[in-house]
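# Reading the structure
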Amino acid sequence: MQKIIRTDNVRVRFAPSPTGLPHIGNIRTALFNWLFARHHGGKFIVRVEDTDQDRLVPGATDAVLEALDWLDIQWDEGPRVGGPYGPYFQSQRLDIYQKLADDLLDREWAYRCYCSEARLKDMREAQAREKSQTGYDRHCRNLSKDERRAQEAYGGKSVIRFAVPLSGATVVEDLIRGQVVWQNELLDDFILIKSDGFPTYHMAVVTDDHLMEISHVMRAEEWLPSTPRHLQLHQALGQEPPQFAHLPMILGPDRSKLSKRHGATFVLDYRDQGFMQEALVNFLELVGWSLDDHTEIMTPSTVIENFSLERVNKAAAIFDYEKLTWMNGMYIRQLSEEDLADRVLPILEKGLPSEWLPVDRGYLLRIVPLIRERIKLLTDATDMTDFFFQTDLDFDPKRLIQKGMDHQSAMSALAACQAELTNAEAFEHEPLEQALRAAATELGLTHRQFFGTLRVAATGKDATPPLFETMEVLGRDRVLDRIRQAIQRLGDAETD
RNA sequence: GGCGCGUUCGUCUAGAGGCCCAGGACACCGCCCUCUCAAGGCGGAGAUCAAGGGUUCGAAUCCCUUACGCGCUACCA
């Protein structure tokens, strides 16, 4: 029987743990939760799961929020914005977990465990050696009253473990995967409260999902195996569990879980690399979900309107950097000149040598249409436009001599250009092109050769935006100056 | 080892019994356009739908088995 998806009072959450920088997988999970909330007119909540004091990374929470900000994924409750279900940092809710755990202790749904780490380690090694079932052996679950008293009197460290039912089965109706069943005898007595007084993920997540009235838990598939624990805990606490949906994982090119070792995995790195926020979001929406059989470029509102868990895939997906790059190019081409200029300006200011700065926005505005369909990453703009800002070109004069030409013909070509450009009435690309085409024919050079020489002289490069538009933007003085210098250098090269 | 999930072109995917000897996109190749580089247009190659058994008049779609991949198996999340 297919479970009906709740659509009223939708409250979903993104629950990052600040133990590292936010990566692609985390953010895709956040995105899907956000889309689901927006589609159903519900709330999207951010809750920081900072229960692991040893692995806390300073600044990680800020990085997560910054990534969400960058991608324009707004949260309705959580850090910075607050909300009626706070606090939204689990480290500030310790008393809540402790109280619930004590309650479980009283009702014998939980027990104190005094096992040392050494004992647990030995136990695990023995289990591995004997290839028997892994998991806690319930040593402390079976302690007598006296033994327990003795342990308490001794005053050593202890943890609180959940007493999992020894028989029966736990069933989840996953909204994406369907029914999944686990035999309870295979679950072990997991820890609720660690010896430092902090809850484990399981304790905290179950408590807060209930207290914050989370309606759907949407998380990566790696959490599926811990779902029966959560269901059991909800039941022990007398709570109605939320609905679950386990999202397919995002894998690296080697098909293993995406991680640092796959290189660019941190979301903010993509911003630095020149990806547009809109493109990354669009791309991520398409890993694990599709609108139909052909639509790929979609506005956020289109996706929100059409998002549904029924169209979420079950199979894990490999992160395709090439396709993301293509999509980024598509987005760049859709940008207005103003918008592109605004996005490229800070990149140039950062990437160009300081002596060529500052970049004049008006000048940039004239350059931008020439590069718009030639860059895939915003950062490509630096290499593509540097000659517009460069004060002195630097190139091997031999490159002025195009294929099939010799020193003399290159010299004549440059002289002809010099004459034409000096005499041109309007320094605009159309008349320039006409005049120069004629000049090429007169010299008996192909356009490829003639314009090739001029291109190197005017830009120092072999591949540039269209030559005539480029020269128009550079302006007569600068182009003539560069040609003069090219002639000079070509002459010097001969005498060498 | 145990448990769980998954399996359609290299990659992202469409497909919910006949519309599919499988459609779209990225990447790749060719042609066109062309002053270079792109963009764009057109075309091509690329999947015996993991394999094998069923069910059915008919299966990528339903069932079973196997294989492979991945995840979990911490006082990490």
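Our subject is the structure that appears above.
The structure displayed is predicted, hence computed values, not measured ones.

Moving on: the sheet that holds strand E3 (residues 110-113). One open sheet holds the three strands; their spatial order is E3-E4-E7, and the pairing between them is antiparallel. Two strands close off the open sheet at either side, each with one partner strand: E3 and strand E7 (191-193). Neighbour to neighbour, the strand axes of the sheet diverge by 45° on average, direction disregarded. For strand E4 (residues 159-162) and E7, the ladder comprises two bridges, and the chain directions are antiparallel. Its bridge partner being in E7, Ile160 is matched across the sheet by Ile193.

Around RNA strand B, the surrounding shell holds 65 residues, and the nearest of these are Glu296, Glu373, Arg374, Arg437 and Arg455. Sugar and phosphate atoms constitute 74% of the interface atoms of RNA strand B, taking the interface as everything within 4 Å of the protein. In the model, a sugar or linking oxygen of RNA strand B is placed 3.0 Å from a nitrogen or oxygen of the Asp462 main chain. At the level of elements, helix H4 (117-130), E4, strand E6 (178-183), strand E11 (317-318), helix H11 (321-334), helix H17 (447-459) and helix H18 (467-474) are the ones that each hand at least two residues to the surface near RNA strand B. Here the surface near RNA strand B is built from residues that sort into 26 nonpolar, 10 polar and 29 charged.

Think of it this way: side chains of opposite charge can pair up when their charged atoms draw near. Scanning all chains against the criterion turns up 30 salt bridges. Arg437 is the salt-bridge partner of Glu433, the closest N and O atoms lying 2.8 Å from each other. In this pair, Glu433 and Arg437 are both assigned in helix H16 (residues 429-443), four residues apart and thus about one turn of the helix distant. Of the residues examined, Glu433 reaches a relative accessible area of 24% and is grouped as partly exposed. If you follow the salt bridges from partner to partner, you end up with Arg13, Arg47, Glu49 and Asp209 in one network.

Rules behind the numbers
- Residues numbered from 1 in each chain as written.
- Chains lettered and ligands numbered in written order.
- Predicted model: local features only at pLDDT ≥ 70, side-chain atom pairs only at ≥ 80, totals over all residues.
- Heavy atoms only, no water.
- Pairing = 2+ DSSP bridges.
- Helix = DSSP H or I, 4+ residues; strand = E, 2+ residues; numbered from the N terminus.
- Axes fitted to C-alpha atoms, helices over the stretch in contact; angles between N-to-C directions.
- Near = heavy atom within 4 Å.
- Polar contact = N/O pair within 3.5 Å; in protein donor to acceptor, adjacent residues only side chain to side chain.
- Nonpolar A, V, L, I, M, F, W, Y, C, P; charged D, E, K, R; others polar.
- Salt bridge = Lys/Arg side-chain N within 4 Å of Asp/Glu carboxyl O.
- Buried < 20%, exposed > 50% of the residue type's maximum accessible area, 1.4 Å probe, protein only.

What is shown is where atoms sit, not what they do.
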